[in-house]
Amino acid sequence: MSEKLVTIGKVVNSHGIRGELKIVPETDFPERFDKGNSLIIVDSQNKQTPVTVLSSRLHKNVFIIQFAGFTDINEVEKFKGSLLKIESTQQQPLDEGEYYYHEIIGCNVITEDGQELGLVSEVLTPGANDVWVVALAKGKQLLLPVIDDVILDVDVANKIIRIHLMEGLLE
């Protein structure tokens, strides 16, 4: 598997005794967990296990999933703490102005007059709009609201985000 992998969920626990796993989704596309879909479990040692969804149901914001070939709790216990991934070629195309987290994290943030501020280290989703956390010098952080007045240009290919530094953002 030479393709780049993208995380879509995390295995948090087993469920019952028939080999089902509890998955916390990390995707805006819950249909990724539908029956028949191919996914990859990546454990803490980076060992990859290709799997196919046999059954899936949503329960209290967690997916309960059974993968084909796994019918017993003892076969799936080893996957606790692992990540569920897909190949980047399986990603859904997004509308213009929408980005995947992995495309934004690591981007260099510069002001409209060319001042480099730092790299995006995290994406927060508190409500009305996302907030991009920029790691500044000396361990400080800048919280950038993802709104048209602030985000002027996003160049994911070159990992550069150009912003308008509104008054009060750097305080």
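Our subject is the structure listed above.
What counts and how
- Residues numbered from 1 in each chain as written.
- Predicted model: local features only at pLDDT ≥ 70, side-chain atom pairs only at ≥ 80, totals over all residues.
- Heavy atoms only, no water.
- Helix = DSSP H or I, 4+ residues; strand = E, 2+ residues; numbered from the N terminus.
- Buried < 20%, exposed > 50% of the residue type's maximum accessible area, 1.4 Å probe, protein only.
- Areas by Shrake-Rupley, 256 points an atom, 1.4 Å probe, with all protein chains shown as cover.
- Lys, Arg positive; Asp, Glu negative; His and termini not counted.
- Charge placed at Lys NZ, Arg CZ, Asp CG, Glu CD.
- Core = buried A, V, L, I, M, F, W, Y, C linked by side-chain atoms within 4.5 Å.
- Contact = heavy atoms within 4.5 Å.
- Pairing = 2+ DSSP bridges.
- Polar contact = N/O pair within 3.5 Å; in protein donor to acceptor, adjacent residues only side chain to side chain.

This paragraph deals with the overall build of the protein. Along the protein, the regular secondary structure elements total 2 helices and 12 strands. N-terminal to C-terminal, the α/β element order of the protein is β-β-β-β-β-α-β-α-β-β-β-β-β-β. Counting across all 171 residues of the protein, residues that qualify as buried make up 34%. Summed over its atoms, the accessible surface of the protein is roughly 10,300 Å², and 48% of this surface lies on carbon and sulfur atoms. Side-chain charges in the protein split into 16 positive and 26 negative, and the spacing between the mean points of these groups amounts to 12 Å.

All right, on to the nonpolar core then. By size, the foremost hydrophobic cluster in this structure holds 18 residues, and its most contacted members are I23, F33, L39, F67 and L84. The contacts of L84, once residues within four sequence positions are left out, are V6, T7, I8, G9, I23, F33, L39, I40, I41 and F67. By size, the runner-up hydrophobic cluster in this structure holds 17 residues, among which are V109, L117, W132 and L144.

This part takes up the pairing of strand β2 (residues 20-25). Taken together, the 6 bridges between strand β1 (residues 5-15) and β2 define a ladder with antiparallel strand orientation. When the sheet's bridge partners are listed, S14 is paired in β2 with L21. Hairpin geometry of β1 and β2 is characterised by an intervening segment of 4 residues between the two adjacent antiparallel strands and by a positive phi of about 70 degrees at G16. Summarising the sheet, β2 and strand β5 (residues 62-67) pair through 4 bridges and their orientation is antiparallel. Paired with L21 across the strands is I65, a residue of β5.

Within the secondary structure layout, N108 lies in strand β7 (residues 108-111). Engagement of the side chain of N108 in a polar contact is seen with the side chain of E116, the distance being 3.2 Å.

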